[in-house]
Amino acid sequence: MANADNDKDFHGHWPSRNNPPEIKDYKELLTSYQNWSATRFVTADIDELVHHRANFFDQLLEQLWSQFELNEKSATLIAVGGYGRETLHPGSDIDLLILVDEKSDSLRVVEDKLSRLITFLWDLHLDIGHSVRSIDECFQQADDDITVATNLIESRFLTGSEELFNEFHQHLINDFPWSSRDFYQAKLDEQRQRHQQYHSTSYNLEPNIKSSPGGLRDIQTIGWIAKRHFQTHSDENLVEYGYMTADEFVELRDCMNWLWRIRFALHIEAGKREDRLLFDFQPGVAVRLGYGNEGKSSVETMMKDYFKVVLRVSELNQMLLQFFHQAILGTQDLQDAELIDRDFAISNTLLTARHDEVFDNPVNLIRAFVCIAEYPQITGIHSNTIRLIRNARAQLTEPLSHNPDCRNKFNQLIQHERGCGLAFSLMHHHSVLASYLPQWQQIVGQMQFDLFHAYTVDEHTFRLVRNLYRYSDEKYAEQFPLCEKIVQQMERKYCLYLAGIFHDIAKGRGGDHSELGEMDARNFCHQHGYSEEDAELVAWLVRHHLTMSVTAQKRDIHDPEVIQEFANQVQTVERLDFLYCLTVADIRATNQSLWNNWKATLLEELYNATAYLLQQDSSQPTLDVREKIKENKANAMALLLSAGFDKSDINALWGRFTADYFFRHTAEQISWHSQHILNLPTDQLPLILIGDENNYGTTELFIYHHEESHLFASVAGVLDSQQLSILDAQILATRDGFVMDTFIVLQRDGKPLTEPQRIEEVKQQLLDVLHKRVPVPKTNRPLSRRMKNFSVKTEVSFIPSKHQGRTTFELITLDRPGLIAKLAAILQQQNVTLLAAKITTIGEQAEDLFIVTSEDNTSLGEQQKQALKQQIIEDLEF
């Protein structure tokens, strides 16, 4: 145990142990130690710091124990949990077990002193986790609770009765209530449940250093199971018992020290216990760890190192837990394995190497995954084989793709019907893909410091390929009906997978990643012997992988000019098929919250309109707007007639509507609107409809009212106050002074508005505002915690258009509460009328498209454009 004499580094003034303890003296000591610890962090080994901190509190607690006169033989102070492992971070709980002798005559006096001690520790604002128990109570609790049992395994004597502790320790050895088998299974279940809380991925924007997959808990789980099975306190015994090589032990210890260091820095930065590496703390932690103070780039470099570490921990955790499974549950049955060939077999549904030299031939590093694709009964890789793969990876001196035989096997894998399923997943997880493609190695752990990209580039790309594979999996057929139909007829499916692998492979290198990736993809195809036709298709897909997403989400796809321009880029139905499938997979793999029925609808409408255009015989096909209007009218008329409406009444109403209305709305929408307008008494304007007539999974808000200036600004203010996000808006006027405004909205959680009470509340507030009974509500919600860590420069770009009377501009700015309402107010001040809006939020960044006109229905002049641009930038920059 440390004491003031041999504590050569920390020279704080310790209170005298001969006087009664004073809060003030100990607070000064703790402040002094915290400051020393933060300063020492810059140069000290982390292993030294966490143990030094534990020893410091050993001394503090031993001294207080003495000062509170707890020297009787009827009580013992024991460290448990992380403190029991003799490690503490600045914000760590100090977990204590106070063991008492129930038979002691002085127990009541001891309990009173203990109560005063614990109160004193709380008054020092220490995070004390404590329990007071007898030996029997300890083991009764441990029998019921795996967490208590785990804490007991890591118990360490601090002070008090050694005799009582020795008795407790003997019980721990001889009467531990959990068998090795049950303890292993309980800790495994505990880990699985914990991983599920983080969606079973290490790649989170704000990871939990302790609990996320690949974090400190995964290392501790290995240690806990080993200590129970081998009845030891030493992690080094894993090497002695042959369950871990010396190199693996060193690697695991290095990973733990790296995670310790980032956790220690996080606690200092946060000034409290905080294991979530939140955006708020990432720049400061990066500076403390020596990554520099360049902000975004420093954070991205730090997080790349973090993700690489947790990937290594995850692999070691999986391998070692499988070894324990074989040892503890007795599942080593290699002699019963199903032979594949002289190198591989299937043991207990796991791919198993038949000899230790199997990967001396590097081709087998790829062939192993071909075997996984060829044998659907395989569910994973045997732990011995994982170890051999890890060793073989470390011995490589050049990328596997430089080997022609490896290239042949990789082609075989990509073109196999199951190649991009489990085989590709395991190839990514065990870093063989990074060993094969040098470009992939560069994106491993590559993150982007924003709210849009939820995963590292390699994890996102893996998820995209997995999504592509699921188009061919009947289990997911209902999720992607159009993609499934397209892929079933696709003759060169492997080109789709290759485009997926390369679409983001050039991120982080500087320059346009689509252009650089196009070059990488073309070179890969040539190197791997693909035809020029295949190479051209894959390269084109990589270059244009964002085009369909941008067009659908950020352009007016009801504009024939937009569809025509997109069709000119795509040129063939085959390219359109590939691009559509790639785009859907890409959006779904970027962020779990991004995909919704509205995006699905936009993409499908763009696909169908473009396919129709490209399938026309003309060498220069055009979209037949009149035919589309005629079709919509005919279908809507049928719906209205079947509902009992008179044809002449319908035609009279429709005579007031513009052609643009019939082109931009579906037959179901036209019928829905018309029914209510025909039944509307003249004195009951405005008409407000809220529903989802097309079953798009969104909420449509339709307003029919007398034409009045800047109706959009009023509606936007109400919707914002109701916590509704506008995705799309169409502002259309009738021929006789009415407006028909359609808004597509979702709630902040991305779900449609379906609760009747909420719908009525929105309707009533809209009516109150439009009748001028109440003013337009103002937004006063602050930026969210996450948003405060980002800044986006406000940019306004005017987009050229052939349309007379319209001006289109794109706004890029920081997303914030009330943004659309504020923009609407700016348009009102500039005497600009909004015709349509497409609202796209990409993480912290809003990228919105607005189609506007002047008060006299002409496009904006250059002077008016500049005035509008200047006011938007001035009002939104803050």
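Residues numbered from 1 in each chain as written. Predicted model: local features only at pLDDT ≥ 70, side-chain atom pairs only at ≥ 80, totals over all residues. Heavy atoms only, no water.

## As for unusual backbone geometry
Then, in step 1: A cis geometry characterises the amide bond from leucine 685 onward to proline 686, with omega recorded as 0°.
Then, in step 2: Mapped onto the secondary structure, proline 686 falls in the loop between helix H32 (667-678) and strand E9 (687-691).
Then, in step 3: You will see that lysine 772, though not glycine, has its phi angle at about 65°, which is positive.
Then, in step 4: Examined against the element boundaries, lysine 772 turns out to sit in the loop between helix H34 (756-770) and strand E13 (795-799).
Then, in step 5: Of note in the backbone geometry, asparagine 831 takes a positive phi value of approximately 55° without being a glycine. (Helix = DSSP H or I, 4+ residues; strand = E, 2+ residues; numbered from the N terminus.)

## Some details on the sheet that holds strand E8 (residues 380-381)
Then, in step 1: The 4 strands lie next to each other as E5-E6-E7-E8, forming an open sheet whose pairing is mixed. Of all strands in the sheet, those with a lone pairing partner are strand E5 (338-339) and E8, marking the two edges.
Then, in step 2: In the sheet, strand E7 (residues 350-353) pairs with E8 via 2 bridges, with the strands oriented parallel. When the bridges of E8 are listed, leucine 351 appears paired with isoleucine 381. (Pairing = 2+ DSSP bridges.)

## Describing the pairing of strand E1 (residues 75-79)
Two faces belong to every sheet, and in a regular strand the side chains alternate between them.
Then, in step 1: In terms of residue burial, E1 counts as a mostly covered element, since 5 of its 5 residues are buried.
Then, in step 2: In this structure, E1 lies alongside strand E2 (residues 94-100), joined through 5 bridges in antiparallel fashion. The residue of E2 that forms the bridge with isoleucine 78 is leucine 97.
Then, in step 3: Across 4 bridges, E1 lies against strand E4 (residues 156-160) in antiparallel orientation. Its bridge partner being in E4, threonine 76 is matched across the sheet by glycine 160. (Buried < 20%, exposed > 50% of the residue type's maximum accessible area, 1.4 Å probe, protein only.)

## Overview of the nonpolar core
Then, in step 1: Counting residues in hydrophobic clusters, the biggest one holds 202 residues, and the most contacted among them are Leu60, Tyr83, Leu121, Phe324 and Phe369.
Then, in step 2: Top element by residues in this core is helix H13 (residues 296-329). It accounts for 17 residues.
Then, in step 3: Setting aside chain neighbours within four positions, we find phenylalanine 324 in contact with Tyr184, Ile222, Ile225, Ala226, Phe230, Leu238 and Leu329.
Then, in step 4: Counting 45 residues, the second-largest nonpolar core is a separate cluster that includes Ile688, Leu701, Leu719 and Val745. (Core = buried A, V, L, I, M, F, W, Y, C linked by side-chain atoms within 4.5 Å. Contact = heavy atoms within 4.5 Å.)

## Points about the environment of arginine 656
Then, in step 1: Take arginine 656: it is sitting in the loop between helix H30 (647-654) and helix H31 (659-664).
Then, in step 2: For the pair arginine 656 and glycine 737, spaced 81 residues apart in sequence, the C-alpha to C-alpha distance is 9.4 Å.
Then, in step 3: When near neighbours in sequence (up to four residues on either side) are disregarded, arginine 656 contacts Tyr704, Thr734, Arg735, Asp736 and Phe738.

## Comments concerning the confidence of the model for the chain
Then, in step 1: Overall, the prediction assigns the chain a mean pLDDT of 90, with 96% of residues at 70 or greater.
Then, in step 2: A low-confidence stretch, residues 1-7 (pLDDT under 50), is modelled with 11 contacts involving residues beyond four sequence positions or located in other chains. (pLDDT = per-residue confidence, 0-100.)

## Quick word on the packing of aromatic side chains
Then, in step 1: Applying the stated rule across the entire model yields 36 aromatic pairs.
Then, in step 2: Ring centres 5.2 Å apart and planes at 5° place the aromatic pair tyrosine 704 and phenylalanine 738 in the stacked group. Of this pair, tyrosine 704 sits in strand E10 (residues 699-706) while phenylalanine 738 sits in strand E12 (residues 738-747), placing them 34 residues apart in sequence. The two residues tyrosine 704 and phenylalanine 738 agree in class, both being buried.
Then, in step 3: Through a chain of ring-to-ring contacts, the aromatic side chains of Phe10, Trp14, Tyr33, Trp36, Phe56 and Phe57 assemble into a single cluster.
Then, in step 4: Here the guanidinium or amino end of arginine 156 rests over the ring plane of tyrosine 83, the centre of that ring lying 5.2 Å away. (Phe/Tyr/Trp six-rings, centres within 6.5 Å; stacked < 30°, edge-to-face > 60°. Lys NZ or Arg CZ within 6 Å of the ring centre and 35° of its normal.)

## Considering helix H23 (residues 513-527)
Then, in step 1: For H23, built from 15 residues, the straight-helix expectation of 21 Å at 1.5 Å per residue is met to within 8% by its first-to-last C-alpha distance of 20 Å.
Then, in step 2: Among all positions in H23, only His513, Ser514, Gly517, Glu518, Asp520, Ala521, Phe524 and Cys525 are buried.
Then, in step 3: Elements that come into contact with the buried residues of H23 comprise helix H16 (404-415), helix H18 (432-436), helix H19 (438-443), helix H22 (493-502) and helix H24 (532-543).
Then, in step 4: Two or three places before serine 514, at the opening of H23, aspartate 512 has a side-chain oxygen 2.8 Å from that residue's backbone nitrogen.
Then, in step 5: Immediately beyond the C-terminal end of H23, within one or two residues, lies glycine 529, with a positive phi of roughly 80°. (Expected span 1.5 Å × (residues − 1). Polar contact = N/O pair within 3.5 Å; in protein donor to acceptor, adjacent residues only side chain to side chain.)

## Describing the pattern of salt bridges
Then, in step 1: Inspection of the entire model under this criterion finds 43 salt bridges.
Then, in step 2: Salt-bridge contacts for glutamate 269 lead to arginine 288; the nearest nitrogen and oxygen are separated by 2.8 Å. Note that glutamate 269 is positioned in helix H11 (residues 246-270) and arginine 288 in helix H12 (residues 282-288), a separation of 19 residues in sequence.
Then, in step 3: A relative accessible area of 34% means that arginine 288 is categorised as partly exposed.
Then, in step 4: Among the salt bridges present, the one from arginine 656 reaches aspartate 736, with a minimum N-O distance of 2.6 Å. A residue pair is termed long-range when its members are at least 10 positions apart, and arginine 656 in the loop between H30 and H31 and aspartate 736 in the loop between strand E11 (724-733) and E12 qualify at 80 residues.
Then, in step 5: Overall, the relative accessible area of 37% leaves aspartate 736 in the partly exposed class.
Then, in step 6: One connected set of salt bridges, linked through shared partners, spans Glu251, Arg312, Glu315, Arg390 and Arg393. (Salt bridge = Lys/Arg side-chain N within 4 Å of Asp/Glu carboxyl O.)

## Considerations on the sheet that holds E4
Then, in step 1: Here we have 4 strands laid out as an open sheet, ordered E3-E2-E1-E4, and mixed in their pairing. Of all the strands in the sheet, the pair left with one neighbour each is strand E3 (128-133) and E4. Each strand of the sheet is rotated relative to its neighbour by a mean of 25°, with strand direction disregarded.
Then, in step 2: On top of the sheet, helix H2 (residues 46-67) reaches E1, E2 and E4; it is set at about 30° to E4, its chief contact.
Then, in step 3: Lying over the sheet, helix H4 (residues 107-123) contacts E1, E2 and E3, oriented at roughly 175° with respect to E3. (Axes fitted to C-alpha atoms, helices over the stretch in contact; angles between N-to-C directions.)

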